[in-house]
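Chain by chain, the residues:
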Amino acid sequence: MPASSRRSFVARAAGAAACLALAAAALPAAAQGYPSRPVTLIVPWGAGGGTDATARIVGSLLEKELGQPVTVVNRTGGNGVVGHAAIASAPADGYTIGMATVEISMMHWQGLTELSGASYTPLGLVNADPAGVQVRADAPYKTINDLLAAIKANPGKFKASGTGQGGIWHLAIAGMLRDLKIDPAAVPWVPSNGAAPGLQDMIAGGVEIAPVSLPEARSLIDAGKVKSLVIMNDKPSALYPNVPTLKAATGSDWTMAAWRGIVAPKGIPAEARDKVSAALKKIVASKEYTDFMASRGFGVIYAGPDDFTKFMAKSDAELGATMKAVGIAK
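Residue numbering note: each chain is counted from 1, following its sequence as written. The predicted origin of the model limits local features to residues at a pLDDT of at least 70 and limits the giving and counting of side-chain atom pairs to 80 or more, whereas totals for whole chains, interfaces and linings rest on all residues. Hydrogens and waters are ignored; side-chain quantities use all the structure's heavy atoms.

Draft legend 1. Just the sheet that holds strand β10 (residues 300-303), in detail. Reading across from one edge, β2-β1-β3-β9-β4-β10 is the order of the six strands in this open sheet, with mixed pairing throughout. Two strands in the sheet have a free side with no partner beyond their single neighbour: β2 (70-74) and β10. Taking the axes of each pair of neighbouring strands and ignoring which way they run, one obtains an average angle of 25° across the sheet. Between any two strands, pairing holds if DSSP finds at least two bridges. Numbering of helices and strands runs from the N terminus; a helix is a DSSP stretch of H or I covering at least four residues, while a strand is a stretch of E covering at least two. The pairing of strand β3 (residues 96-101) with strand β9 (residues 257-265) spans four bridges and is antiparallel. Across the sheet, the residue bridging to A100 is G261, located in β9. Throughout, a residue-residue contact means that at least one pair of heavy atoms, one from each residue, lies within 4.5 Å. What counts as an axis is a line fitted to C-alpha atoms, over the stretch in contact for a helix, and the angles between N-to-C directions run from 0 to 180 degrees. Strands in contact with helix α4 (residues 81-89) are β1 (39-43), β3, β4 (120-130) and β9; relative to β3, the strand with the most contacts, it is inclined by about 140°. Docked against the sheet, helix α10 (residues 270-285) engages β4, β9 and β10, running at close to 15° with respect to β4.

Structural data, given as structure tokens:
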């Protein structure tokens, strides 16, 4: 081959190699598959709370599973509406996901938003903390049945608190009473800014009952200031296994829990859905996650996309029925 031809061939080969290299550099997003860049995890509640803490441990473990940074972003406001709306309206590409909470089963019944669990692609349920029935440690009621008998005998005398009007713990006790054929109005609700102020009001004598989760009451139970009469779950608490379930104590099948799960906008690619879902299943079973949750008293539960879809639909139906029964659904 003449020298000029050899030079031309080498030049063409070099050019082709350069083009292939450039193409390879430009292809990671397609060739590498999901995820090829950082993922954002939206949290509808403020930094420092239980939802934020759960989202951050999930996010840190998700980074390891996906091999990409996961940035937690708090989008607060509107009693959870702002953050939940931000998740639903994000691009459906799998790069924005979020932590939905039980309030998504409640907000539309209150007329705050049209969003519901059906507005998302469910990826995995990761936490649930059942309601309990807490009273002061020096209260004369040894069992939930003692308390229920007193409520029936004195309707309106026993007040409860632990969240805002129509919040999850308000619905927990209202639903329990309704299921036990007791008028929910027999226990007037005193709104508060959360479990902590509701429990303090109970200790101070302002209310008699705080139907909040056992993790929220943990420090006061351990300090001997509060006792728990029952848990609204189908199995005892790992924190306090001697606290009976509502079913065991009364025969009622009523259960209620504050829950958290990872969702994405509707219509994300199947690859993204499947990869995040598989990662979440591993995370919830991991020692790092279970140890973290146990250290805070948070409940660990897992449901994959299909079961999480059914779980949210059931939660929505039950909460809607309860909210209608107590007159707070619009």
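Right, picking up where we left off after that structure.
Draft legend 2. Inspection of the packing of helix α3 (residues 50-66) against helix α11 (residues 287-296) at higher detail. In the contact formed by α3 and α11, the axes pass within 11 Å of each other and the chain directions differ by 170°. Taken together, the axis directions place α3 and α11 in an arrangement best described as roughly antiparallel. Contacts between α3 and α11 involve A53, T54, I57, V58, L61 and K64 on the former and, on the latter, E288, Y289, F292 and M293. The residue classification treats Ala, Val, Leu, Ile, Met, Phe, Trp, Tyr, Cys and Pro as nonpolar and Asp, Glu, Lys and Arg as charged. All others, Gly included, are polar. Of the residues contributing to the contact of α3 with α11, the split by class is seven nonpolar, one polar and two charged. Oblique is the label for every angle not falling under 35 degrees (roughly parallel), over 145 degrees (roughly antiparallel), or within 65 to 115 degrees (roughly perpendicular).

Draft legend 3. Just the packing of helix α6 (residues 168-179) against helix α12 (residues 305-325), in detail. α12 packs onto α6 with a crossing angle of 80° between their chain directions and a minimal axis gap of 9 Å. Viewed along their axes, α6 and α12 adopt a mutual orientation that is roughly perpendicular. Together, I168, L171, A174, G175 and R178 of α6 and L319, A321, T322, M323 and A325 of α12 make up the contact between the two elements. A per-class count over the contact of α6 with α12 returns seven nonpolar, two polar and one charged.

Draft legend 4. Structural context of the side chain of Q134. If you trace the backbone, Q134 turns up in strand β5 (residues 132-136). A distance of 2.9 Å separates a polar atom in the side chain of Q134 from the backbone oxygen of V212. Discounting residues that sit within four places of it in the chain, Q134 has contacts with L199, M202, E208, I209, A210, V212, S213, L214, A217, V226, K227 and S228. N or O atoms within 3.5 Å of each other form a polar contact, as long as, within protein, one can give a hydrogen and the other can take it, and as long as residues adjacent in sequence are counted only when both atoms are side-chain atoms.

Draft legend 5. Highlighting the pattern of salt bridges. A carboxyl oxygen of Asp or Glu within 4 Å of a side-chain nitrogen of Lys or Arg is what we treat as a salt bridge. This structure, assessed with the given rule, holds ten salt bridges. Among the salt bridges present, the one from D52 reaches R56, with a minimum N-O distance of 2.9 Å. Placement of the pair is D52 and R56 together in helix α3, with a separation of four residues, close to one helical turn.

Draft legend 6. Examining unusual backbone geometry more closely. Of note, the bond from Y34 into P35 is cis; its omega dihedral lies within 30 degrees of zero at -5°. On the secondary structure map, P35 appears in the loop between α2 (28-32) and β1. In this model, N79 sits at a positive phi of 55°, which is unusual for a non-glycine residue. As for its placement among the helices and strands, N79 is situated in the loop between β2 and α4. Phi is positive for K181, close to 65°, though the residue is something other than glycine. Here K181 lies in the loop between α6 and β7 (189-190). For each residue, the accessible area found with a 1.4 Å probe, counting protein chains only, is set against the maximum for its type, and the residue is called buried under 20%, exposed over 50%, and partly exposed in between. Judged by relative accessible area, K181 falls into the exposed class, the value being 75%.

Nothing here speaks to function; it is geometry throughout.
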